[in-house]
Amino acid sequence: MAQTITQKIFAKAANRKFVDPGQSVWLNVDVLLTHDVCGPPTFDIFKQEFGPKAKVWDPSKVVVLPDHYIFTANEHAHRNIDLLRQFAAEQGLPNYYDVGTDRYRGVCHVALAEEGFNLPGTVLFGTDSHTCTSGAFGMFGSGIGNTDAAFILGTGKLWEKVPDSMKFTFEGQMPEYLTAKDLILQILGDITTDGATYRAMEFDGEAVYSLPIDERMTLCNMAIEAGGMNGIIAADSVTEAFVKARTSKPYEIFHSDPDAQYHSMYRYNVEQMEPVVAQPHSPDNRATVRSVAGTPITKSYIGSCTGGKLTDFRLAAKILKGKQVSVTTNIVPATVLVASQLETEMYDGQSLRQIFEDAGCSIALPSCAACLGGPSDTVGRSVDNDVVVSTTNRNFPGRMGSKFAGVYLASPLTAAASAVTGKLTDPRDFL
Amino acid sequence: MDTIIQGKAYVLGKNIDTDQIIPAEHLVYSLSDPEEVKMYGKYALSGVPIEQAGLPEGGIPFVEEGYYSSPYSIIIAGPNFGCGSSREHAPFALKVAGARAIIAESYARIFYRNCVDGGFVIPFETAQPLNKSILTGDELSLDMENNTLTNLTQNVTYQLRPLGDVVNIVQAGGIFEYARKNDLMATTEA
């Protein structure tokens, strides 16, 4: 019986030969991810339900990466970190990445990849909606709430309905002015913010397989912005090389059968696509950058799990080299590793960090920072009627701070080009 | 579980995301300390732009300044309610503020699961866009046995979609209660 890659992973995790879309199954979970916002309440529920002395089902499978509210004076945010620390110690969790130590990593979805937790064919649940990012590794990754996470902590299992799959095929050779962010914003404009609710979004095609892992992660990251349960790209030699460089754990590669059934299929030719943005206040409010070019902005923000990876900064540096930004421009590396790569990675004879500093950007410490607003002292948070061009993934009202601000979601190329001119600018003007 | 929920309507539009339900800056309070929990009530739905809060006129906060709970217990909304982040603080905040049920055209998956598995608020679906006919402040009666919603102010009754598979979890009061009743905790531990 023909199955999609998502069905095959579900079948394996449910110890079945095959599963049908719509069927509810109990999945064995390979990794549970949590962070500083949802970790403490998850641990509370776990203790309440399984008893104060209960032990998690498998300490090696619980990954705790504080990243959301790290560099703030907010006392409650600090308390959350203390609670993570306490639980990790009590339970003997080997995969706790404490703030203020050399184990600190930064944004969870990017750190999971760096640390070798993303393995083809496995099942990852995380208390963060962008857990779907990990689908870039040919695995199932999906966001859940605290109660479901607490259930997994105690049992290692969770029920899920097998999703229908939607397939998005990108043909052609990626032009230099186009990025994964443009591809996913294009899709969002086409299917809207609930166009994939309760479904898997599968990406393939020559253009997708030409992308580095960072870019594939961006594509899968925003599946949730269409309501998708997961985004997924079958593993290839690029994936395997990335994984093998970080872990020796075993994994299994699945592919969709050629005759698998899809809810719907979309085809794009990247050579005919243009840079796009999502206008305020919804990720599906798409416009070509050309059509909104000239709109004045007050801030540019390059960071987050979807826009703060090495590839994003390589792209931004291409535009910012030898230029000056004309609005406040925040560079927020997703992880400590990415931050160090800004020093070592060279473009045209200069380090990325030097390029950004010379251009007048502010470089922040690695974390989620203002992607989601956060406490009032958070770096890069929008205030008043700010108009922000941002490489983050969500622009609902108030998301980056102020309810009165407007956020344009864009590729790092567009965010960098716009930072230079102070208005929305098509990156082709600089390339 | 009560079979009838009666209360005032609070009407919203489409794509009410979890940042609007409880803005990120408020996620730092404890979800178990009774004093801090009140803050989730205070800030429930505080991220909704004011002109879209309490339709059709708007300008009505869900929770008045200086209060910790809402006079409205049934939320009426358009499609894709609860989209965005996975924060369980969102259905929790609605519950703390006094909301007991939501009636929307559709829901985002994680929010829907959180409502049901955490036993916070009951998420009903309706095929009709009820947020166009029900006004904020209308007195409503929700009949859980017959899946109907009566607008007592306007004297109209609407049919809602049955809760389907999740009705057992809703009736149990959440996934843990359900799992215990059905010996699933034991099974899953095996």
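From a predicted model like this one, the values you see are computed outputs, not experimental measurements.

Undergrad: Would you take a moment to explain the sheet that holds strand β8 (residues 199–204) of chain A for this structure?
TA: Pairing between the strands of a sheet comes from backbone hydrogen bonds, and it takes one of two forms, parallel or antiparallel. Residue and element names in this part refer to chain A. With respect to topology, four strands assemble into an open sheet ordered β9-β8-β7-β10, the strand pairing being parallel. Looking at the sheet topology across the chains shown, the edges are occupied by β9 (230–232) and β10 (264–269). Taken over all neighbouring pairs, the strand axes of this sheet differ in orientation by 20° on average, direction set aside. Relative to β8, strand β7 (residues 164–171) runs parallel, the two sharing six bridges. Counted as the bridge partner of Met-166 is Met-201 from β8. Most of the contacts of helix α1 (residues 5–13) go to β9, to which it runs at about 110°, and overall it touches β7, β8 and β9. Where helix α6 (residues 180–191) meets the sheet, its contacts fall on β7, β8 and β10, and the angle it forms with β7 comes to roughly 130°.

Undergrad: Can you help me understand the pattern of salt bridges in this one?
TA: Pairing is possible between side chains that carry opposite charge, provided their charged atoms lie close to one another. Using the criterion set out here, one finds 35 salt bridges over all chains in the structure. Between Lys-318 of chain A and Glu-176 of chain A there is a salt bridge, with its nearest N and O atoms 3.8 Å apart. Highlighted residues: Lys-318 of chain A in helix α11 (residues 310–320) and Glu-176 of chain A in the loop between β7 and α6, separated in sequence by 142 residues. With a shortest N-O distance of 3.6 Å, Arg-113 of chain B and Asp-117 of chain B are connected by a salt bridge. Of this pair, Arg-113 of chain B and Asp-117 of chain B both sit in helix α4 (residues 109–117), four residues apart, which is roughly one turn of the helix.

Undergrad: Can you help me understand the sheet that holds strand β2 (residues 31–34) of chain A in this one?
TA: All names here are of chain A. Spatially, β3-β2-β4-β5 is the arrangement adopted by the four strands of the open sheet, whose pairing is parallel. On the outer flanks of this sheet lie β3 (62–64) and β5 (140–143), each paired with one strand and no other. Pairs of neighbouring strands in the sheet enclose a mean axial angle of 20°, with direction left out of account. Where β2 meets strand β4 (residues 123–126), three bridges bridge the pair, whose relative direction is parallel. Within β4, the position partnered with Leu-33 by the bridge is Gly-126.

Undergrad: Would you mind going over the packing of aromatic side chains with me for this structure?
TA: One pair of aromatic rings is described through two measures. These are the centre distance and the angle between the planes. Here the structure, examined in full by the defined rule, presents 24 aromatic pairs over all chains. Consider the rings of Phe-170 of chain A and Tyr-268 of chain A, whose centres lie 4.9 Å apart with planes at 15°: the pair is stacked. Separated by 98 residues along the polypeptide, Phe-170 of chain A in strand β7 and Tyr-268 of chain A in strand β10 bring together distant segments of the chain. Judged by its relative accessible area of 0%, Phe-170 of chain A is buried. These aromatic residues form a ring-pair network of at least three members: Trp-26, Phe-43, Phe-46, Phe-50, Phe-87 and Phe-151 of chain A together with Phe-176 of chain B. One Lys or Arg, Arg-428 of chain A, reaches over the ring of Tyr-177 of chain A and ends 5.0 Å from the middle of that ring. Here the guanidinium or amino end of Lys-42 of chain B rests over the ring plane of Tyr-68 of chain B, the centre of that ring lying 5.7 Å away.

Undergrad: Just to check I follow, could you spell out the nonpolar core for this structure?
TA: Proteins that are soluble and globular tend to have nonpolar side chains buried together. Core analysis: the biggest nonpolar cluster contains 119 residues, and Phe-62, Phe-81 and Leu-94 of chain B have the highest contact counts within it. Formed jointly, this core draws a minimum of three residues from each of two domains, domain 1 (5–246 + 263–267) and domain 2 (276–429) of chain A. Those residues within four positions of Leu-94 of chain B in sequence are excluded, and the remaining contacts are Ile-21, Ala-44, Leu-45, Phe-62, Ile-75, Phe-81, Ala-99, Ile-102, Phe-111 and Val-121 of chain B. Residues Leu-112, Tyr-301 and Leu-409 of chain A together with Ile-110 of chain B belong to the second largest nonpolar core, which totals 60 residues.

Undergrad: Before we go on, may I ask you to explain the side chain of Arg-381 of chain A in this structure?
TA: As for its placement among the helices and strands, Arg-381 of chain A is situated in the loop between β17 (362–363) and β18 (387–390). There is a polar contact of 2.8 Å between the side chain of Arg-381 of chain A and the backbone oxygen of Gly-374 of chain A. Every residue in contact with Arg-381 of chain A, bar those within four places of it in the chain, is listed here: Lys-299, Ala-370, Gly-373, Gly-374, Pro-375, Ser-376, Asp-386, Met-400 and Gly-401 of chain A together with Glu-25 of chain B.

Each value, and the rule that gives it
Residues numbered from 1 in each chain as written. Chains lettered and ligands numbered in written order. Predicted model: local features only at pLDDT ≥ 70, side-chain atom pairs only at ≥ 80, totals over all residues. Heavy atoms only, no water. Pairing = 2+ DSSP bridges. Helix = DSSP H or I, 4+ residues; strand = E, 2+ residues; numbered from the N terminus. Axes fitted to C-alpha atoms, helices over the stretch in contact; angles between N-to-C directions. Contact = heavy atoms within 4.5 Å. Salt bridge = Lys/Arg side-chain N within 4 Å of Asp/Glu carboxyl O. Phe/Tyr/Trp six-rings, centres within 6.5 Å; stacked < 30°, edge-to-face > 60°. Buried < 20%, exposed > 50% of the residue type's maximum accessible area, 1.4 Å probe, protein only. Lys NZ or Arg CZ within 6 Å of the ring centre and 35° of its normal. Core = buried A, V, L, I, M, F, W, Y, C linked by side-chain atoms within 4.5 Å. Domains from an automatic or database assignment. Polar contact = N/O pair within 3.5 Å; in protein donor to acceptor, adjacent residues only side chain to side chain.

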